[in-house]
Amino acid sequence: MSAEPVPDTMPAAAPATTSTSAIVETRDLTRRYGNSIALNNLNLTIPQGAIFGFIGPNGAGKTTTMRILTTLLLPSSGQAWVAGHSVVREPQTVRRMVGFMPDFFGVYDNLKAWEYLDFFAAAYGVPASRRPSLIGELLDLVDLSHKRDAYVMDLSRGMKQRLSLARTMAHNPELLILDEPASGLDPRARVELRELLRELQVLGKTIMISSHILTELAEMCTHIGIIEQGTLLAAGDVQTMMRSLQTHRVYEVHVLSDLHAAAELVRDMPGVLAVRKLPDESPPRLQIDHEGNEQQVGALLTRLISGGAIVTHFAGQVSDLEEVFLRITTGTVASE
Ligand SMILES: Nc1ncnc2c1ncn2[C@@H]1O[C@H](COP(=O)(O)OP(=O)(O)O)[C@@H](O)[C@H]1O
Ligand SMILES: [Mg+2]
């Protein structure tokens, strides 16, 4: 970020660098507990409409970040804005825009599902006349209409999670911040959660969702940020991050001419780590382990063709998000 940090004494104003499309922006956001730093100069941007996966191991600083963004915790230094509103200077405005689902959410066991939502809608100031229809809409949204009169304590964990999500929607916030919502859910409940998040995105919500397990989030996010020990290691949209982080790739080459001769053409070229011959595949092919830049990759193809190889296919294998993730973290992050 190029702009000067805004001192705390400045009047409330949108940061100079916030584009209208960024719903969350933090600048050098830092939080200390005593002598330890939980969050270290975090600079984060979440575009409007994103499903942003905030990924990092336990203790990385995810909850701390989320609590600051939801105005529950003050930063030690640095700034954070939600839709241009400072979380420190305009907490009331920010609270109206954000729905927060904490990692450990209390449920009120002696309440029925509809009473639970009624209670929170009232707390958010939704008028009594509007609440019955709102509760109907919320239960419908999270697919719990059939549990309207069930006691919260009798719901499955996945259902409680969805009810809690409905609760965070009671004041129709633009931004949903969900702290580890998938943890402890069985695979089916996870799929349901994923579908629900997609629906919310279609409704125009921006969603920030944390996890210490990448695979929980890999398929549902448009953007990810990876945090370790209070420091953001990488962030961006999923495709761009994958492309920029992929320096080591496997290229597959289909060869109609002599496979051995083709392998010898490229074996010693810059960036080539290994060449495997797969003569029994149809068509026969080479797999080239390559670590280098695009020019070097292009040079491989040029060499093959100028050397007389007949190539019908030349492509880098697409590695998945998990591979990228393992490469940039130091291995302390679970990827079970
Ligand atoms: N209330 C607190 N007092 C002291 N240290 C804390 C407190 N809350 C969090 N921490 C520390 O801050 C760091 C970040 O914690 P947290 O934000 O909860 O991480 P995450 O949600 O990624 O697991 C950890 O080292 C944690 O021990
Ligand atoms: Mg946490």
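Below: a short report on this structure. (Residues numbered from 1 in each chain as written. Chains lettered and ligands numbered in written order. Predicted model: local features only at pLDDT ≥ 70, side-chain atom pairs only at ≥ 80, totals over all residues.)

### Some points on the overall build of the chain
In step 1: Within the chain, the regular secondary structure consists of 11 helices and 14 strands.
In step 2: Sequence-distant contacts, at least 24 apart, represent 68% of the contacts inside the chain between residues at least 6 apart. (Helix = DSSP H or I, 4+ residues; strand = E, 2+ residues; numbered from the N terminus. Contact = placed C-beta atoms within 7 Å.)

### Section: helix α4 (residues 131-141)
In step 1: Taken as a whole, α4 has its buried residues at Leu134, Ile135, Leu138 and Leu139. Buried residues along α4 cover an arc of 130 degrees about the axis, so they all sit on one side. Structural note: α4 exposes Pro132, Ser133 and Asp140 on the side pointing more than 90 degrees away from its buried face.
In step 2: Buried residues belonging to α4 abut α3 (113-123) and α5 (157-168). (Buried ≥ 20, exposed ≤ 12 C-beta atoms within 10 Å, placed from the backbone. Arc of directions from axis to C-beta.)

### Some thoughts on the site of ligand 1
In step 1: Ligand 1 sits among Tyr33, Ala38, Gly56, Asn58, Gly59, Ala60, Gly61, Lys62, Thr63 and Thr64.
In step 2: With 3 residues, helix α1 (residues 62-69) is the largest single contributor of residues to the shell around ligand 1.
In step 3: When grouped by side-chain class, the residues that make up the shell around ligand 1 number 3 nonpolar, 6 polar and 1 charged. (Near = placed C-beta within 6 Å. Nonpolar A, V, L, I, M, F, W, Y, C, P; charged D, E, K, R; others polar.)

### Topic: the pairing of strand β12 (residues 272-278)
Moving residue by residue along a regular strand, the side chains alternate between the two faces of the sheet.
In step 1: Relative to strand β13 (residues 285-291), β12 is paired through 6 bridges, and the arrangement is antiparallel. Residue Val272 lies in a different strand from β13, and its bridge partner there is His290.
In step 2: Counting the residues in the hairpin turn of β12 and β13 gives 6 residues. (Pairing = 2+ DSSP bridges.)

### A word on the sheet that holds strand β11 (residues 248-255)
In step 1: With antiparallel pairing, 4 strands are arranged side by side in an open sheet as β12-β13-β11-β14. Of all the strands in the sheet, just β12 and β14 (311-316) have a single pairing partner and so form its edges. Going from strand to strand, the sheet's axes swing by 15 degrees on average, the running direction of each strand aside.
In step 2: This element, helix α9 (residues 259-266), spans β11, β12 and β13 of the sheet and lies at about 175 degrees to β12.
In step 3: Helix α10 (residues 294-306) rests against β11, β13 and β14 of the sheet, and its axis sits at about 165 degrees to β14. (Axes fitted to C-alpha atoms, helices over the stretch in contact; angles between N-to-C directions.)

### Considering the environment of Ala189
In step 1: Along the chain, Ala189 turns up in helix α6 (residues 187-202).
In step 2: On the neighbour-count criterion, Ala189 (17 C-beta atoms within 10 Å) is partly exposed.
In step 3: Once the C-alpha coordinates of Ala189 and Ser156 are considered, the two residues, 33 residues apart in sequence, prove to be 9.6 Å apart.
In step 4: Contact partners of Ala189, with chain neighbours within four places excluded, come to Arg157 and Gly158.

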